[in-house]
Each structure stands twice: as C-alpha cells, then as structure tokens.
Amino acid sequence: MIAPAAEASDSTAITRPSEANSPEEMVDKSGSRIQQMFGEIAGRYDLLNRLLSGGVDVYWRWVTINRCPPQGNDPILDTCTGTGDLALAYWNKANRKVPVIGTDFTFPMLAIARQKQLKQKANPTNASLDFIEADSQQLPFAANQFQIVSVAFGLRNITNTQLGLTEMLRVAKPGGKIAILEFSLPGLALIRVPYVWYFKNVLPRIGQLLARNRQMAYEYLPQSVSQFPYGEELCQIMRECGYVDVTCTPLTFGIASLYIGSKPK
Ligand SMILES: C[S@@+](CC[C@H](N)C(=O)[O-])C[C@H]1O[C@@H](n2cnc3c(N)ncnc32)[C@H](O)[C@@H]1O
C-alpha cells in the first residue's frame, strides 16, 4: 500500500540551478508551457523519440533498469513518466512482482502510457502498475516509501530542478536509489561538434515537421539541453540536495548520462 502525502511541500526555499543566466536568456520552463508543449506532441512523442535517437533511447532505459535494478518488494516510482516507457520497463524488470507508479502532469502523455498498460496482458497475480497525474515538484506521496525513484529526460523540464530533486529524495526510502537519465553533451570535440550541429539544425526541423506544435518543442529541446547542468555539475547539485554515493555514467559518447544517487540510510 503506497501512502499519500500528508501535506504539500514548501517550494519557497529552493532556487533554480542555472542562476548565472539572466531570466531573459533562460528558456521558458514554466509549468503551463511544458504541459502545453508535451500535450501537443504526445501523439507523436514515441515515434519521434525512436526516429530522432535512432532507437538508442530504448537502450538508455535498458541501461537504467540494469544499473539501478529493483531489489526486494518495495514500490518503484517513475516521475515525469510521459508515455510510461521507463515505468513499464521497471515493472517488467521486476517480473511484475513490485508495484510501480508513473507520474506526470501532462494528461495526454499519461493517456498514451495507459493505452500501453492495457496492452500488457496483466494477470491477477501481477503487482499494480498505475499512472497518476502529479507535479514532480509536489509529489502526492508520503516520505520514505520507494526503493527506486527514477526520471528519464524529465528533470531538465521541471521548472525548479532542486525542488524536483528534493521531492524524489523525500519519497525514496532511506537507502533507496534515485536514477536520473538525462541528455548531456559529448566530451570529445570530434563527436560533439557534428552532434550539436545535428541537434540544433536538423532535429528541430524534423521534429516540427512531424509533430507540429505551437510551442516549438524540438527547438526547446537543444535550448534546454544546452542550459542544463550535466556531468560533475549535476552530481554536485544532487549532493547539495542531500543525495549520497552519486555516480555519473556517460552513455553513447556522452549524448546522455545516467546519474544514480542514494538517500542516506
Ligand atoms: C521528455 S518527456 C520524458 C518522458 C519519459 N520519461 C521518457 O523517457 O520518454 C518529459 C516529461 O516530463 C513531464 N514533466 C515536466 N515537468 C513536469 C513536472 N513538473 N511534473 C510532472 N511532469 C513533468 C512532461 O509532461 C513530459 O511528459
């Protein structure tokens, strides 16, 4: 049984990560913009993910569930779950014996996650898999419950990064793990230069063509990635938020990175 939160958390004490950037330079990550953007592209989101990443995003989620695998029977939470791929991957990785919850605040993304769930042919002995509408900055769960709290390509989109990080830590059980999969930039110039060119010039055009939306989601993608901390910088922010044993593993030349941290026992 997963306990709901007793009361809302305080959002006032936390600041944005990239304080060096002035507000006018910062990409708009207001909740309403993010919800509208993902709401508009939800129907094409999975197709574009596979297409634009060449299917590598599936491998990155596979690495996540294998490097941060389920252990024991406590539930797992996947925040910013979107169309639910990581929640589903965790549910199956745990042989459907551990309850998994996916949360997101964009209803059309969750609607697709729920469609996928219906296709899973669950049987009565399976543990529950639920998709719940919730803001990652104010999760509707009591503290200290989840063995794993994960987020894939979602942390960068949360308006207040630190608040997202502290909420994930709050609901994790003591000793529990937090797995964060996020875009980063390759360290090797030979890879980084053509990749950044593709990311800034080709990807937004294909994205906008295939998933027409007023929020320019595929221009937002390179902008938000270029402004978001990665590598040791993000590890340090996680530590400042109270995470321990933080590790960072660059994936596919550093195009994405997997960060794993623990909640102190
Ligand atoms: C790029 S998608 C990632 C979806 C999925 N995790 C995946 O790996 O494909 C980012 C998701 O984060 C969600 N999101 C962003 N900010 C959020 C917030 N504050 N609370 C809940 N969901 C949020 C968006 O609605 C969107 O579905």
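Now for a description of the structure that goes with this document. Everything numeric in this text was worked out from a predicted model, so none of it was measured.

**A look at the overall build of the chain**
Part 1: The secondary structure content of the chain amounts to 8 helices and 7 strands.
Part 2: In terms of overall size, the chain behaves like a compact globule, its C-alpha atoms giving a radius of gyration of 18 Å where 265 residues would be expected to give roughly 18 Å.
Part 3: In terms of principal-axis extent, the alpha carbons of the chain reach across some 50 × 40 × 35 Å.
Part 4: Looking at the chain as a whole, 51% of its 265 residues qualify as buried.
Part 5: By sequence separation, contacts in the chain at least 24 residues apart represent 75% of the contacts at least 6 residues apart.
Part 6: Taken as a whole, the chain presents about 12300 Å² of accessible surface, with 56% of it coming from carbon and sulfur.
Part 7: Put simply, the chain has 26 plus and 23 minus side-chain charges, and the middle of one group is 9 Å from the middle of the other.

**Quick notes on helix H2 (residues 56–67)**
Part 1: With 12 residues, H2 should reach 16 Å at 1.5 Å per residue; the first-to-last C-alpha distance of 16 Å fits that figure.
Part 2: Looking only at H2, the buried set comprises Asp57, Trp60, Arg61, Val63, Thr64 and Ile65.

**Comments concerning the pattern of salt bridges**
Part 1: Here the structure, examined in full by the defined rule, presents 10 salt bridges.
Part 2: For aspartate 85, the salt bridge goes to arginine 50, with nearest N and O atoms at 2.9 Å. On the criterion of sequence distance, the pair formed by aspartate 85 in helix H3 (residues 85–93) and arginine 50 in helix H1 (residues 31–53) is long-range, its members being 35 residues apart.
Part 3: Here aspartate 85 and lysine 116 are joined by a salt bridge, their closest N and O atoms 2.6 Å apart.

**Some remarks on unusual backbone geometry**
Part 1: Of note, the phi angle at asparagine 144 is positive, near 65 degrees, even though the residue is not glycine.
Part 2: Along the polypeptide, asparagine 144 turns up in the loop between strand E3 (129–133) and strand E4 (146–152).

**Quick word on the nonpolar core**
Part 1: Within the largest apolar cluster, 49 residues are counted, with the highest numbers of intra-cluster contacts made by Trp60, Tyr90, Phe183 and Tyr218.
Part 2: The element that contributes the greatest number of residues to this core is H1, accounting for 8 residues.
Part 3: Phe146, Leu234, Tyr243 and Val246 belong to the second largest nonpolar core, which has 25 residues in total.

**Re the site of the ligand**
Part 1: Every one of the 20 residues lining the ligand counts as a neighbour, but Tyr45, Cys80, Asp104, Thr106 and Ala152 are closest to it.
Part 2: Taking cysteine 80, its main chain carries an N or O atom lying 2.8 Å from a nitrogen atom of the ligand.
Part 3: In the environment of the ligand, an oxygen atom lies 2.6 Å from a nitrogen or oxygen atom belonging to the side chain of threonine 106.
Part 4: In terms of residues, the shell around the ligand owes the most to one element, H1, which gives 4 residues.
Part 5: Its residues assigned to classes, the shell around the ligand comprises 10 nonpolar, 7 polar and 3 charged.

**Quick word on the side chain of serine 224**
Part 1: For serine 224, the position within the fold is in helix H7 (residues 217–227).
Part 2: For serine 224, a relative accessible area of 2% translates into the label buried.
Part 3: There is a polar contact of 3.0 Å between the side chain of serine 224 and the backbone oxygen of leucine 221.
Part 4: Ignoring sequence-local partners within four residues, the contact set of serine 224 consists of Val27 and Arg156.

Rules used in this analysis
- Residues numbered from 1 in each chain as written.
- Predicted model: local features only at pLDDT ≥ 70, side-chain atom pairs only at ≥ 80, totals over all residues.
- Heavy atoms only, no water.
- Helix = DSSP H or I, 4+ residues; strand = E, 2+ residues; numbered from the N terminus.
- Rg over C-alpha atoms; globule rule 2.2 N^0.38 Å.
- Buried < 20%, exposed > 50% of the residue type's maximum accessible area, 1.4 Å probe, protein only.
- Contact = heavy atoms within 4.5 Å.
- Areas by Shrake-Rupley, 256 points an atom, 1.4 Å probe, with all protein chains shown as cover.
- Lys, Arg positive; Asp, Glu negative; His and termini not counted.
- Charge placed at Lys NZ, Arg CZ, Asp CG, Glu CD.
- Expected span 1.5 Å × (residues − 1).
- Salt bridge = Lys/Arg side-chain N within 4 Å of Asp/Glu carboxyl O.
- Core = buried A, V, L, I, M, F, W, Y, C linked by side-chain atoms within 4.5 Å.
- Near = heavy atom within 4 Å.
- Polar contact = N/O pair within 3.5 Å; in protein donor to acceptor, adjacent residues only side chain to side chain.
- Nonpolar A, V, L, I, M, F, W, Y, C, P; charged D, E, K, R; others polar.

The values reported here are purely geometric and, on their own, carry no functional implication.
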